[in-house]
Amino acid sequence: MYGAIMHAPRDIRYQERDEPQIIEPTDAIIRLSATCICGSDLWPYRGFDNVHDLAMGHEYVGVVEEVGSAVSTVKPGQFVIGSFFTSDNTCEICRDGYQSHCVKRVMMGTIGTQAERARVPLADGSLVATPEMPPTDLVPSLLAASDVLGTGWYGAVAAAAGPGKTVVVVGDGAVGLSAVLAAQQLGAERIIAMSRHEPRQQLALAFGATDIVTERGADGVAAIKRMTGGLGAHSVVEAVGTQESMMQAIRSARAGGHVGFVGVSHGVSISGTELFGAGIHLEGGPAPVRRFLPDLVDRIWRRAINPGQVFDLTLPLAEVAEGYRAMDERRAIKVLLQP
Ligand SMILES: [Zn+2]
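In this text, all values refer to a predicted model and were calculated from it rather than measured experimentally.

## A short note on helix α7 (residues 198-206)
Moving on, step 1. Three or more residues of α7 are buried, namely R200, L203 and A204. With its buried residues spanning 105° around the axis, α7 presents them on a single face.
Moving on, step 2. Buried-residue contacts for α7 involve α6 (174-185), β12 (190-194) and β13 (211-213).
Moving on, step 3. Directly after α7, the chain includes G208, whose backbone phi takes a positive value near 120°.

Have a look at this one:
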């Protein structure tokens, strides 16, 4: 089969790879219906992580082709959605809702789903099947649930978004935009999207943002303070992962407020003194997407939400290298790849 390999920063190739095989009895093999490029894939692409010859991709929807002897809840022929960490969904950590930290988790990024087929470990605890084969137009939204929607949703939940709350979203990538959608679905009163890119502002507004703030850094924080009576927001979602975005998020939250940080952290250091003084709740990290998947699939199936709008470029999987370029140059918010 064919798939994407990152040979070195900015060197993505579509090339022949070994066919996936059942290794553990808890594995499933899926044929990808769609996959995509993640904002976090840009970190190694830009040379921030030291990688070479790495199979890329961790977002996936597809049809089950084969299951191991211990798999009982998913069957060949089913359309399934999974996320970037597999989980048994039975250990204590999973039962507490933190499946991305499952004691048996396997990182799908080490398997590489920008490919025609993929092995999914812990299939029973990781994959959620749709009620039937989805119509084609729902596939992008179901794929969004695999990572960006689930991650944005977790960011909003960790930030305690809900009725009566003012929610700020730092970051206008697909995760930030999905967090806007999540905050709207969770009933937030006011949703402030921090974005300086016109097409992304438009999508934020379509997803439920009530306000747009274009300033960033200290000016952005000052704007949020002005809009919230000098107090800061109840809830802030951080969806970038840089020093600037993290501090913008923490400083935009009011005392007693919640920050959900879901941008993959790179080079962030936080002053203990400042954190002590802020008096905020802080929760984040890799999102336990599996916790939210059944609910997200249900909302998509009922067409209550259309998170697939984050995909503004669709390419054949063979053109994966162009997809990386488009996202790197911010010509595309998120690229859907068709095997
Ligand atoms: Zn577990």
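## Things to note about the domain arrangement of the protein chain
Moving on, step 1. Taken domain by domain, the protein chain comprises domain 1 (2-147 + 288-338) and domain 2 (150-284).
Moving on, step 2. Computed over C-alpha atoms, the centres of domain 1 and domain 2 are 26 Å apart.
Moving on, step 3. Taken together, the 20 residues of domain 1 in the interface contact 16 residues of domain 2.
Moving on, step 4. Those elements giving two or more residues to the side of domain 1 that touches domain 2 turn out to be α4 (139-146) and α11 (289-301).
Moving on, step 5. With 4 residues, the top contributor of residues to the side of domain 1 that touches domain 2 is α11.
Moving on, step 6. Each residue belonging to the side of domain 1 that touches domain 2 can be placed in one class, and the counts come to 13 nonpolar, 5 polar and 2 charged.

## Things to note about the pairing of β12
Moving on, step 1. Along β12, 4 of the 5 residues are buried, which leaves the element largely enclosed by surrounding structure.
Moving on, step 2. Between strand β11 (residues 166-170) and its parallel partner β12, the chain crosses via α6, and the hand of that crossover is right-handed.
Moving on, step 3. Bridge analysis of β12 against β13 gives 3 bridges, and the strand direction is parallel. Counterpart to A193 in the pairing with β13 is I212.
Moving on, step 4. Handedness of the β12-α7-β13 crossover: right-handed.

## Here's the deal with unusual backbone geometry
Moving on, step 1. A positive phi is found at R10, a non-glycine position, where the angle reads about 65°.
Moving on, step 2. Examined against the element boundaries, R10 turns out to sit in the loop between β1 (2-8) and β2 (11-16).

## Brief notes about the sheet that holds strand β4 (residues 54-55)
Sheets are built from strands paired through backbone hydrogen bonds, the pairs being either parallel or antiparallel.
Moving on, step 1. The 3 strands lie next to each other as β2-β1-β4, forming an open sheet whose pairing is antiparallel. Whereas interior strands pair on both sides, the edge strands pair on one side only; in this sheet they are β2 and β4.
Moving on, step 2. The sheet contact formed by β1 and β4 spans 2 bridges and is antiparallel. When the sheet's bridge partners are listed, M6 is paired in β4 with L54.
Moving on, step 3. Contacting β1 and β2, helix α12 (residues 320-328) runs over the sheet at an angle of about 155° to β2.

## Points about the sheet that holds β11
Moving on, step 1. In spatial order, the strands read β13-β12-β11-β14-β15-β16; together these 6 strands make up an open sheet with parallel pairing. Edge strands, defined here as strands with exactly one partner in the open sheet, are β13 and β16 (281-284). When strand polarity is set aside, the average angle formed by the axes of neighbouring strands in this sheet is 20°.
Moving on, step 2. In this structure, β11 lies alongside strand β14 (residues 233-238), joined through 4 bridges in parallel fashion. Bridge pairing links V168 to V236 in β14.
Moving on, step 3. Relative to the sheet, helix α8 (residues 217-227) contacts β11, β12, β13 and β14, its axis offset from that of β13 by approximately 150°.
Moving on, step 4. In the packing of helix α9 (residues 243-252) onto the sheet, contacts are made with β11, β14 and β15 (253-261), and the angle to β15 comes to roughly 145°.

Rules used in this analysis
- Residues numbered from 1 in each chain as written.
- Predicted model: local features only at pLDDT ≥ 70, side-chain atom pairs only at ≥ 80, totals over all residues.
- Buried ≥ 20, exposed ≤ 12 C-beta atoms within 10 Å, placed from the backbone.
- Helix = DSSP H or I, 4+ residues; strand = E, 2+ residues; numbered from the N terminus.
- Arc of directions from axis to C-beta.
- Contact = placed C-beta atoms within 7 Å.
- Domains from an automatic or database assignment.
- Nonpolar A, V, L, I, M, F, W, Y, C, P; charged D, E, K, R; others polar.
- Right-handed = clockwise from strand over helix to strand, strands pointing away.
- Pairing = 2+ DSSP bridges.
- Axes fitted to C-alpha atoms, helices over the stretch in contact; angles between N-to-C directions.

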